[in-house]
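# Residue-level structure breakdown
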Amino acid sequence: MSPRAVKRVCLAYSGGLDTSVILRWLIEVIGCEVVAYAADVGQEEELSGLPEKARATGAVDCVVRDLREEFARDYVFPAIQAAAVYEGHYLLGTALARPVIARHQIEVARETGCDAVAHGATGKGNDQVRFELAYRALAPELEVIAPWREWDLVSRSDCLAYAERHGIPVTATAEKPYSIDRNLLHCSYEGGILEDPWRRPDPSMFLLTRNPEEAPSTPLEVVVGFEAGVPVSVDGERLAPHHLLARLNHLAGAHGVGRVDIVENRFVGMKSRGVYETPGGTVLHLAHRAVESLTLDREVMHERDRLAPRFAELVYNGFWFSPEMDFLRAAIAQSQRFVTGEARVELYKGAARVTGRRSPCSLYAEDLSSFEAAGDYDPRDATGFIRLQALRLRLARLRDSRTGSGGGTGG
Ligand code: ARG
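Reference entry: report on the structure contained in this document. Note that this is a predicted model, so its numbers are computed, not measured. (Residues numbered from 1 in each chain as written. Predicted model: local features only at pLDDT ≥ 70, side-chain atom pairs only at ≥ 80, totals over all residues. Heavy atoms only, no water.)

### Looking at the overall build of the protein chain
Short version of the rule: To qualify as a helix, a DSSP run of H or I must reach at least 4 residues; to qualify as a strand, a run of E must reach at least 2; elements of each kind are numbered from the N terminus. For each residue, the accessible area found with a 1.4 Å probe, counting protein chains only, is set against the maximum for its type, and the residue is called buried under 20%, exposed over 50%, and partly exposed in between. Here, residues are in contact when the closest pair of their heavy atoms is within 4.5 Å. Surface accessibility follows the Shrake-Rupley procedure with a 1.4 Å probe radius. Residue values consider only the protein chains on display as shielding. Charged residues are defined narrowly, with Lys and Arg counted positive, Asp and Glu counted negative, and His plus the chain ends left uncounted. Where a charge lies is defined by one atom per residue type, namely NZ (Lys), CZ (Arg), CG (Asp) and CD (Glu).
Of the regular secondary structure elements, the protein chain holds twelve helices and 14 strands. With respect to the three principal axes, the spread of C-alpha positions in the protein chain is 85 × 55 × 45 Å. Per-residue burial over the protein chain gives 47% buried out of 411 residues. Within the protein chain, residue pairs in contact and separated by at least 24 positions form 73% of the contacts whose partners lie at least 6 positions apart. With the model as given, the accessible surface of the protein chain reaches about 20600 Å², and the carbon-plus-sulfur share is 53%. Of the side chains in the protein chain, 48 bear a positive and 57 a negative charge, and the two mean positions are spaced by 5 Å.

### Re the nonpolar core
Formally: Residues belong to one nonpolar core when they are buried, are Ala, Val, Leu, Ile, Met, Phe, Trp, Tyr or Cys, and are joined through side-chain atoms within 4.5 Å.
With 73 residues, the main nonpolar core has Phe71, Leu92, Val283, Leu284 and Phe311 as its most contacted residues. Considering every element that reaches this core, the biggest residue donor is helix α4 (residues 93-111), with nine residues. In contact with Val283, not counting residues within four places along its chain, are Val222, Val224, Leu248, Ala252, Val257, Val345 and Leu347. Counting residues in hydrophobic clusters, the runner-up holds 30 residues, among them Leu50, Cys62, Trp151 and Ile168.

### Focus: the site of the ligand
For the record, the criterion: We define proximity as follows: a residue is near a molecule or strand when any one of its heavy atoms falls within 4 Å of that partner. For the purposes of these results, a polar contact is taken to be a pair of N or O atoms within 3.5 Å, where, inside protein, one atom must be able to donate a hydrogen and its partner to accept one; residues adjacent in sequence count only when each atom of the pair is a side-chain atom. Note on residue classes: Ala, Val, Leu, Ile, Met, Phe, Trp, Tyr, Cys and Pro are nonpolar, Asp, Glu, Lys and Arg are charged, and everything else, Gly too, is polar.
Taken together, 14 residues sit near the ligand, with Tyr90, Asn126, Glu190, Glu264 and Tyr276 positioned nearest. One of the side-chain N or O atoms of Asn126 is found 2.8 Å from an oxygen atom in the ligand. In the environment of the ligand, an oxygen atom lies 2.9 Å from a nitrogen or oxygen atom belonging to the side chain of Arg130. Considered on its own, the ligand offers 340 Å² of accessible surface; in the complex 88% of this is hidden by protein. Here the shell around the ligand takes three residues from α4, the largest share from any one element. Along the lines of polarity and charge, the residues of the shell around the ligand split into four nonpolar, four polar and six charged.

### Points about a nonpolar patch on the surface
The cut-off we apply is this: A patch consists of residues exposed above 30% relative accessible area that lack any salt bridge, with like charges linked at up to 9 Å and nonpolar side chains (Val, Leu, Ile, Met, Phe, Trp, Tyr) linked at up to 5 Å. Salt bridge, as applied in this entry: a Lys or Arg side-chain nitrogen positioned within 4 Å of an Asp or Glu carboxyl oxygen.
A contiguous nonpolar surface patch, about 280 Å² in accessible area, is contributed by Leu391, Leu395 and Leu398. Tracing the chain through its elements places Leu391 in helix α12 (residues 379-403). Classification of Leu391 by relative accessible area gives partly exposed; the value is 42%.

### Some words on the pattern of salt bridges
Evaluated as defined, the whole model comprises 29 salt bridges. Among the salt bridges present, the one from Glu107 reaches Arg65, with a minimum N-O distance of 2.7 Å. Taken together, the residues Glu107 in helix α4 and Arg65 in strand β3 (residues 61-66) connect sequence positions 42 residues apart. With relative accessibility at 16%, the residue Arg65 sits in the buried group. Between Arg399 and Asp400 there is a salt bridge, and its shortest N-O distance comes to 3.1 Å. Look at Arg399 and you get partly exposed, because its relative accessible area is 40%. The class of Asp400 is buried, set by a relative accessible area of 7%.

### Focus on the sheet that holds strand β6 (residues 179-182)
Threshold: Should DSSP find at least two bridges between two strands, the strands are regarded as paired. Only the stretch in contact is used when fitting a helix axis, every axis being a line fitted to C-alpha atoms; angles between N-to-C directions are given from 0 to 180 degrees.
Read across the open sheet, the four strands follow the order β6-β7-β12-β11; overall the sheet is antiparallel. Strand pairing shows two members of the sheet lacking a second neighbour, β6 and β11 (259-265), which therefore form its edges. Strand-to-strand twist across the sheet, computed as the mean angle between neighbouring axes with direction ignored, equals 25 degrees. As judged from the four bridges shared by strand β7 (residues 187-190) and strand β12 (residues 271-277), these two strands associate in the antiparallel manner. Directly across from Tyr189, in β12, lies its bridge partner Val275.

### Concerning the packing of aromatic side chains
The condition that has to hold: Each pair of aromatic rings taken from Phe, Tyr and Trp, with Trp reduced to its six-membered ring, is defined by centres within 6.5 Å and is described as stacked if the planes are under 30 degrees apart, edge-to-face if over 60, and tilted in the remaining cases. Distance and angle both matter: a charge sits over a ring if NZ of Lys or CZ of Arg is within 6 Å of the ring centre and within 35 degrees of the ring normal.
Within the structure shown, the criterion is met by eleven aromatic pairs. Plain terms: the ring middles of Tyr90 and Tyr276 are 4.2 Å apart, the flat faces sit at 20 degrees to each other, and that makes the pair stacked. Taken as a pair, Tyr90 in the loop between α3 (68-81) and α4 and Tyr276 in strand β12 lie far apart in primary sequence, 186 residues in all. A relative accessible area of 2% places Tyr90 in the buried class. For Tyr276, a relative accessible area of 2% corresponds to the buried category. Taking 5.0 Å as the distance between ring centres and 70 degrees as the angle between the ring planes, the aromatic pair formed by Trp148 and Trp151 counts as edge-to-face. Just as Trp148 is buried, Trp151 falls in that class too. Counting every residue linked through ring pairs, the aromatic cluster contains Tyr86, Tyr90, Tyr276 and Tyr316. The positively charged end of Arg130 is found above the aromatic ring belonging to Tyr316, 4.9 Å away from the centroid. In this arrangement the basic side chain of Arg259 is found over the ring face of Phe206, its NZ or CZ atom lying 3.6 Å from the centre.

### Notes on the sheet that holds strand β13 (residues 341-348)
Pairing is antiparallel in the open sheet, where five strands are placed in the order β10-β9-β8-β13-β14. Each edge of the sheet is formed by a strand with only one pairing partner; in this case those strands are β10 (237-238) and β14 (351-358). Of the pairings in the sheet, the one linking β13 to β14 comprises seven bridges and is antiparallel in character. Within the sheet, the bridge partner assigned to Leu347 lies in β14 and is Ala352. With respect to the sheet, helix α8 (residues 279-295) is in contact with β8 (220-227), β9 (230-234), β13 and β14, its orientation differing from that of β13 by roughly 140 degrees.

And the structure:
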């Protein structure tokens, strides 16, 4: 491969084996300087010794950014408001973290005079697409380097051998028989032994949730408060976004809430088996919809619900920074103005259930829906309402009996 005109690259760096090897490979093969960049999105890995490690591996600089609050506030919470769930189950924990990581990587690249950015995502997954679409959208002037698609290292042992040859410090971590991606919103497990979609995940695999059968046998109720669609409190205590999410992870995780095991469609075309635990996110989605059930107009709710799968698809496919996403976000934000109130959620043995909701902006009118008082609703109006709704249905049926055709509604 011919050396490119890249002088200095900003690498998304974790300090793990892969990105350590990439760091040195960029220096050796591309012939550029490397600025290492590490983002804290709540993966709970030790970040304190990272700059020293990056320099020992050859980086000219290392920048660590704490993105936890921004991740929760500007990425996770908008996805909750959007009711964004991919293919019915996946709460998008990895997909939502990529754009915030990429956005800051671009900032760091510019601040440190880089002319390129690089990431350690493999050539088969969604993450390469997400990183690179974000890079292109935010900084079209920067060169993009994806070492996994360029080099000839194919396995972990190749990487270990490369590290040894180049004296790269690697912390000996036992190799997990699957790949993990953890952040404040979720932990994902895929690849390796999980590639057989019939194989049951080992109960000892899970990091954020207790096995439901080992969860407490007394249920726990939590009350989640929202203001204009934004989660603001747990059990009446106001919390910053990342602390709120961490609190719910802790409470719901202890009760085994938020596990899913699915086969999903990757953007790059193949199907892939994924196991996820999203304890706090699961509670937030449920509680948010419960407050919406009191506060959203029916038609607004249904419109938002039509946008939800599209929003999820854009997040999954890596189009966070795109004109169509801006459009969806504006519409969804507008729907949330009155989504203020609280929901009570019961956590028990792996399940989360809503047991109550209340709101100062409620559209729920007890006197209207109860069978007792009449309120502003006159049941006699329903006679005409139903007759007009039925007009088309009667005409269709009359046509069928006239023409002798079967019709589509039975009989
Ligand atoms: N399949 C999920 C997604 O595409 C999780 C990906 C996990 N990423 C990883 N590098 N292990 O969002």
